[in-house]
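Summary of structural features
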Amino acid sequence: MPIRIKHLGLTFIGTAAILAGCSDKALPPQETATPAPSQIVTKDRKPAPLPPVLIDGIYTQEIAILKTQKKILAAFETIKSHRDRNNRDMVELNEIPAPPFGEETRAKRVAKMLREAGLTNIKIDEVGNVIAMRRGMSGKKTIALGAHIDTVFPIETDVTVRREGDTYIAPGIGDNTRGVIVLLSLIKALEANDIKTEHNLMFVGNIGEEGLGDLRGIKHLYRDGAPKIDSFIAVDGGSDDRLVYGGVGSYRYRVTFKGPGGHSWGDFGDANPHHALGRATTIFAERAAKVASEGPKTSFNIGRIGGGTSINSIPFESWMEVDMRSGNVEKLDEMDAVFKQAMIDGLAAENAARTRGEAITVEVRKVGDRPVANGDAGSPLVQQALAAMSSFDLEPKLAISSTDANIPISKGLPAITISRGGKSAGAHSFEETWTDKDSHVAIQIALLITLAQAKYVRP
Ligand SMILES: [Zn+2]
């Protein structure tokens with residue numbers, strides 16, 4: 001339930017927890033003379049060290065046994081044979097635009113592709129996630145594999161795919177159209193080889209991973225009272241040797257400075273929302289750079305700015321969108337406090353500088369909240385994934401990132417994000433590419449992890 005707190009022309013809109021944080025907790029003292037970012041001595045800007053990759057022999061053996069099973073080896077060959085079909089499906093799917101909050105058409109096509117892949121129990125849920133179930137022998141647990149179907153790109157973006165040899169060029173092609181293809185190929189391999197599992201498998205083409213989608217698809221799957229998901233495997237990574245086992249958290253805000261507006265000459269002397277925003281961003285950028293210069297990696301970014309009527313009007317509003325991230329919750333909260341104080345101080349400075357008229361106000365609305373998620377490198381899911389990767393002669397590396405897995409991991413539930421295979425480059429850019437280089441490997445790895453988690457049933 002959003003709560004508003006209004007005082008001194010300042011409104012914070014966000015969750016109760018955040019507001020408690022901003023109103024109850026004393027803000028850290030701000031130094032009056034903040035050094036410019038260039039003067040700050042940068043030390044230890046790297047992320048907190050990741051644990052070494054240690055794989056328990058039990059899991060190495062478990063994966064090795066799976067790799068001797070005839071049906072699984074046959075499934076590996078089936079996956080290889082999908083190459084051309086996978087690439088055709090990838091192009092078709094990518095050319096259906098799927099901006100955050102506009103995923104419906106692509107969702108319907110994904111549902112159809114899941115049916116074509118051999119599944120029958122398919123639905124699109126209340127928020128727009130495509131969900132397909134494949135029943136296990138006992139069905140005691142449910143192992144979910146998910147790939148987000150949304151992109152960062154607005155609806156009008158040209159998503160036509162260009163091909164140069166084995167390289168496919170289009171916005172969203174790797175991130176994450178290819179991820180969806182990994183799920184489809186894996187399902188077809190299970191079906192073609194009649195592979196049975198002890199536990200249920202759930203395949204999700206989820207919405208709302210990117211931008212202001214704020215993980216809403218996955219948040220819905222893990223809402224209070226939702227059917228239990230025992231493990232979650234997100235397919236949304238760029239390289240086969242990288243395993244995301246923890247989550248980078250982020251807070252995002254839309255800030256709006258508001259005033260009466262007026263004529264640039266006739267009303268000169270009134271407080272100006274753009275000037276207030278400028279003051280606030282300068283204060284924020286300087287103080288935030290200091291926070292980011294120490295300890296675990298923490299980032300901040302003002303991504304969009306807008307407002308105003310004309311060159312000779314004092315604007316009635318000035319807005320911006322701000323994103324801050326860290327893998328460490330204390331650092332993220334420190335950045336958050338610095339940000340809020342900067343908005344207060346920027347507003348106060350502009351109001352103090354006016355020579356006439358009313359004071360202007362600011363509204364700080366929280367539009368994104370991705371929890372920091374501390375992963376467990378020793379959990380069976382992480383261990384099975386590492387063992388599966390190693391079995392393909394890869395040297396796995398643990399990583400933290402901001403993915404759908406943030407939600408379950410932050411709730412203490414097993415989740416990872418694995419590779420979509422091939423070679424991805426330029427994600428979130430109009431020249432994004434995905435190259436079909438050994439793309440079957442990631443699908444085979446995903447299959448092994450799935451069968452280890454869902455317990456392969458020998459014929
Ligand atoms: Zn993605």
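Residues numbered from 1 in each chain as written. Predicted model: local features only at pLDDT ≥ 70, side-chain atom pairs only at ≥ 80, totals over all residues.

1. Let's talk about the overall build of the protein chain
Tallying secondary structure elements over the protein chain gives twelve helices and 22 strands in all. Sequence separation of 24 or more characterises 81% of the internal contacts of the protein chain that already satisfy a separation of 6 or more. (Helix = DSSP H or I, 4+ residues; strand = E, 2+ residues; numbered from the N terminus. Contact = placed C-beta atoms within 7 Å.)

2. What about the sheet that holds strand β6 (residues 162-164)?
Taken in spatial order, the four strands of this open sheet run β6-β7-β21-β20, and their pairing is antiparallel. Edge strands, defined here as strands with exactly one partner in the open sheet, are β6 and β20 (423-425). On average, adjacent strands in this sheet sit at an angle of 20° to one another, irrespective of strand direction. Direction of pairing for β20 relative to strand β21 (residues 433-435): antiparallel, over a ladder of three bridges. Bridging across to β21, lysine 423 finds its partner in threonine 435. Together, β7 (167-169), β20 and β21 form the strand contacts of helix α6 (residues 173-192), whose direction differs from that of β21 by roughly 45°. (Pairing = 2+ DSSP bridges. Axes fitted to C-alpha atoms, helices over the stretch in contact; angles between N-to-C directions.)

3. With respect to the pairing of strand β3 (residues 121-124)
Bridge count for β3 against strand β4 (residues 130-134) is four bridges, and the pairing is antiparallel. Bridge pairing in β4 places isoleucine 124 opposite valine 130. Counted along the chain from β3 to the antiparallel partner β4, the turn is five residues long, and its residue glycine 128 has a positive phi close to 115°.

4. Section: helix α3 (residues 70-81)
The end-to-end C-alpha separation of α3 is 17 Å, in line with the 16 Å expected for twelve residues at 1.5 Å each. Among all positions in α3, only Ala75, Thr78 and Ile79 are buried. Angular distribution of buried residues about the axis of α3 spans 100°; they occupy a single face of the element. Against the buried residues of α3 lie α6 and α12 (439-454). (Expected span 1.5 Å × (residues − 1). Buried ≥ 20, exposed ≤ 12 C-beta atoms within 10 Å, placed from the backbone. Arc of directions from axis to C-beta.)

5. Let's talk about the environment of isoleucine 181
Along the chain, the position of isoleucine 181 falls in helix α6. The exposure class of isoleucine 181 is buried, given the 28 C-beta atoms found within 10 Å. Considered as a pair, isoleucine 181 and methionine 113 are 68 residues apart in the sequence and their alpha carbons are 9.5 Å apart. Residue contacts for isoleucine 181: discarding those within four places in its chain leaves Asn86, Asp89 and Met90.

6. Observations concerning unusual backbone geometry
Of the consecutive residues aspartate 175 and asparagine 176, the connecting peptide bond is found in the cis state with omega at 15°. Residue placement: asparagine 176 occurs in helix α6. For histidine 428, which is not a glycine, the phi torsion comes out positive at approximately 70°. A positive phi angle, near 65°, is found at lysine 455, a position not held by glycine. Along the polypeptide, lysine 455 turns up in the loop between α12 and β22 (456-457).

7. A look at the pairing of strand β19 (residues 415-419)
Within β19, five of the five residues are buried, which leaves it mostly tucked inside the rest of the structure. Bridge analysis of strand β10 (residues 231-237) against β19 gives five bridges, and the strand direction is parallel. Among the inter-strand pairings, alanine 234 is bridged to a residue of β19, identified as threonine 417.

8. Here's the deal with the environment of aspartate 336
Along the polypeptide, aspartate 336 turns up in helix α9 (residues 329-353). Residue classification places aspartate 336 among the buried positions, given that 20 C-beta atoms sit within 10 Å. For aspartate 336 and arginine 325, which are eleven residues apart along the polypeptide, the C-alpha to C-alpha distance reads 9.6 Å. Those residues within four positions of aspartate 336 in sequence are excluded, and the remaining contacts are Tyr251 and Met324.

9. Overview of the nonpolar core
Judged by nonpolar contacts, the single largest core of 112 residues is most densely connected at Leu183, Ala385, Ile416 and Ala446. Looking at this core element by element, the count peaks at eleven residues for α12. (Core = buried A, V, L, I, M, F, W, Y, C linked by C-beta atoms within 7 Å.)

10. Considering the packing of helix α4 (residues 83-94) against α6
Between α4 and α6, the least distance of the axes is 9 Å, while the angle of their chain directions is 130°. Taken together, α4 and α6 sit at an angle that is classed as oblique. Seen along the crossing, α4 lies across α6 with a hand that is right-handed. Of the residues in α6, those touching α4 at Asn86, Asp89, Met90, Leu93 and Asn94 are Ile173, Thr177, Arg178, Val180, Ile181, Leu184 and Ser185. (Parallel < 35°, antiparallel > 145°, perpendicular 65-115°, else oblique. Left-handed = near helix turned anticlockwise from the far one by under 90°.)

11. Digging into the packing of helix α8 (residues 273-292) against α9
At a closest axis distance of 8 Å, the pairing of α8 and α9 adopts a crossing angle of 150°. Classified by the angle between their axes, α8 and α9 sit roughly antiparallel to one another. Relative to α9, α8 is oriented so that their crossing is right-handed. Facing α8, whose interface residues are His275, Ala276, Arg279, Ala280, Ile283, Phe284, Arg287, Ala288 and Val291, α9 presents Glu334, Met335, Val338, Phe339, Ala342, Met343, Asp345, Gly346, Leu347, Ala349 and Glu350.

12. Points about the confidence of the model for the protein chain
Per-residue pLDDT for the protein chain averages 91, and the proportion of residues at 70 or more is 90%. In the predicted structure, residues 15-47 sits below a pLDDT of 50 and forms 40 contacts with residues beyond four places in sequence or in another chain. (pLDDT = per-residue confidence, 0-100.)

13. Points about the environment of isoleucine 449
You can see isoleucine 449 is positioned in helix α12. Exposure remark for isoleucine 449: the 27 C-beta atoms within 10 Å place this residue in the buried category. Along the backbone, isoleucine 449 and alanine 387 are 62 residues apart, and their C-alpha atoms lie at a distance of 8.8 Å. Dropping the residues within four chain positions of it, isoleucine 449 is found in contact with Ile233, Gln384, Ala385, Ala388 and Ile418.

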